[in-house]
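Residue strings, one per chain:
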Amino acid sequence: DSAIEVGVAETDITPPIGFPMAGYFHERLNEGTTDPLKAKAIVFRGSGQQAALVVCDLIGIWTDFSRLVREEASRKTGIPQNCIVVSATHSHTAPDYAKALYGWIAAKNPPATATAMNGVEQNPERLAYIEHLIQNTVNAVVQAHADAAPVTLESGWAEQSVPVAFNRRFVQKDGSVKTWVGLEYAGTVRSAGPIDSEIPLLLAKSLAGKPKTVLSNFALHLDTVGGMNWSADYPFAVSRTIQQALGPKVISIFGTGCCGDINHVNPRGKDRNNT
């Protein structure tokens, strides 16, 4: 038996200025960067098995993107494809990359007719970003695999002491569910569900006791920044806080919890929490 090994790495996946932004129901073209977007990977090895998790500062993960990353990362590391998880933080100040992704795939696999290219991105700069996004997400896994070394693990959790997460949906007397109306709304019976106030934490240290990475998880929508600049949203603030406490080289890997109906705005008030 051998000690569990952990490796971590992060790479930059920030798109160019002018790339479409995700998160809302209208087109937004980026104007700059507040903080860089990253792909952060952690690899676990032990007892003849290995697995990887890579978390991207993206609105979501398209199936074809996940497949491309897992295939290439598996080829370069030997980690089985079904042991590689590609996930997103769901930042609302991240790129809307779907159209460019399928334009890139179409360019790599030329369609039989020009008609097949309708509806997919053909802007060369945006297609080049997809190449960058795929390769740097793969590189995060490859670098984390190379970084793997024996560690000790410590786990724990914290709870929000200041309310920052609120359920934004409410059950009505007629059985319907409405968003943002609050408990004071005449037809409201109750909140449609709970919030999860816990923040689970996993700390990996080298055998010499030096902190290496912290995994954390919190159920709250990543929409606290807004605007027209790229931002990893509040996980960037989490990372900065962890590095201030444990060291500038410690990599913070944040996993978004189940937060489809959990938001940062109190339906009873007008205040908007932000980072």
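Residues numbered from 1 in each chain as written. Predicted model: local features only at pLDDT ≥ 70, side-chain atom pairs only at ≥ 80, totals over all residues. Heavy atoms only, no water.

## Quick look at the overall build of the protein
Then comes step 1: For the protein, the count of helices and strands is four helices and 17 strands.
Then comes step 2: Relative to the compact-globule value of 19 Å for 275 residues, the protein shows a C-alpha radius of gyration of 20 Å, a close match.
Then comes step 3: Overall size of the protein, expressed as C-alpha extent along the three principal axes, is 60 × 60 × 35 Å.
Then comes step 4: At a minimum sequence separation of 6, the contacts of the protein that also span at least 24 residues come to 73%.
Then comes step 5: Accessible surface, the protein as shown: approximately 13,700 Å² in total, 54% of it carbon and sulfur.
Then comes step 6: If the 24 positive side-chain charges of the protein are averaged to one point and the 26 negative ones to another, these points end up 1 Å apart. (Helix = DSSP H or I, 4+ residues; strand = E, 2+ residues; numbered from the N terminus. Rg over C-alpha atoms; globule rule 2.2 N^0.38 Å. Contact = heavy atoms within 4.5 Å. Areas by Shrake-Rupley, 256 points an atom, 1.4 Å probe, with all protein chains shown as cover. Lys, Arg positive; Asp, Glu negative; His and termini not counted. Charge placed at Lys NZ, Arg CZ, Asp CG, Glu CD.)

## Some remarks on the packing of helix α1 (residues 63-77) against helix α2 (residues 98-108)
Then comes step 1: Viewed as axis vectors pointing N to C, α1 and α2 meet at an angle of 55°, and their least axial separation amounts to 10 Å. Relative to α2, the element α1 lies oblique. Handedness of the crossing formed by α1 with α2: left-handed. Of the residues in α2, those touching α1 at D64, F65 and L68 are L101, Y102, W104 and I105. (Axes fitted to C-alpha atoms, helices over the stretch in contact; angles between N-to-C directions. Parallel < 35°, antiparallel > 145°, perpendicular 65-115°, else oblique. Left-handed = near helix turned anticlockwise from the far one by under 90°.)

## Focus: the sheet that holds strand β11 (residues 177-179)
Then comes step 1: In spatial order, the strands read β11-β10-β12; together these three strands make up an open sheet with antiparallel pairing. If you trace the sheet from one side to the other, it starts and ends with β11 and β12 (188-191), each paired once. Between one strand and the next, the sheet's axes are offset by a mean angle of 35°, whatever the strand orientation.
Then comes step 2: As paired strands, strand β10 (residues 169-172) and β12 are joined by three bridges and run antiparallel to one another. Pairing of F170 across the sheet is with S191, part of β12. (Pairing = 2+ DSSP bridges.)

## Considerations on unusual backbone geometry
Then comes step 1: Despite not being glycine, H90 shows a phi value in the positive range, around 75°.
Then comes step 2: Inspection of the secondary structure puts H90 in the loop between β7 (84-88) and α2.
Then comes step 3: The class of H90 is partly exposed, set by a relative accessible area of 26%. (Buried < 20%, exposed > 50% of the residue type's maximum accessible area, 1.4 Å probe, protein only.)

## A short note on the environment of E10
Then comes step 1: Here E10 is to be found in strand β1 (residues 5-12).
Then comes step 2: A relative accessible area of 31% means that E10 is categorised as partly exposed.
Then comes step 3: Separated by 183 residues in the primary sequence, E10 and G193 have C-alpha atoms spaced 35 Å apart.
Then comes step 4: Side-chain polar atoms of E10 contact the side chain of K38, separated by 3.2 Å. (Polar contact = N/O pair within 3.5 Å; in protein donor to acceptor, adjacent residues only side chain to side chain.)

## Some thoughts on the pattern of salt bridges
Then comes step 1: Applying the stated criterion to the full structure yields 10 salt bridges.
Then comes step 2: Between K38 and E10 there is a salt bridge, and its shortest N-O distance comes to 3.2 Å. Of this pair, K38 sits in strand β5 (residues 38-46) while E10 is found in strand β1, placing the two residues 28 residues apart along the sequence.
Then comes step 3: Classification of K38 as buried rests on a relative accessible area of 19%.
Then comes step 4: The salt bridge involving K76 is made with E72; its shortest N-O contact spans 3.6 Å. (Salt bridge = Lys/Arg side-chain N within 4 Å of Asp/Glu carboxyl O.)

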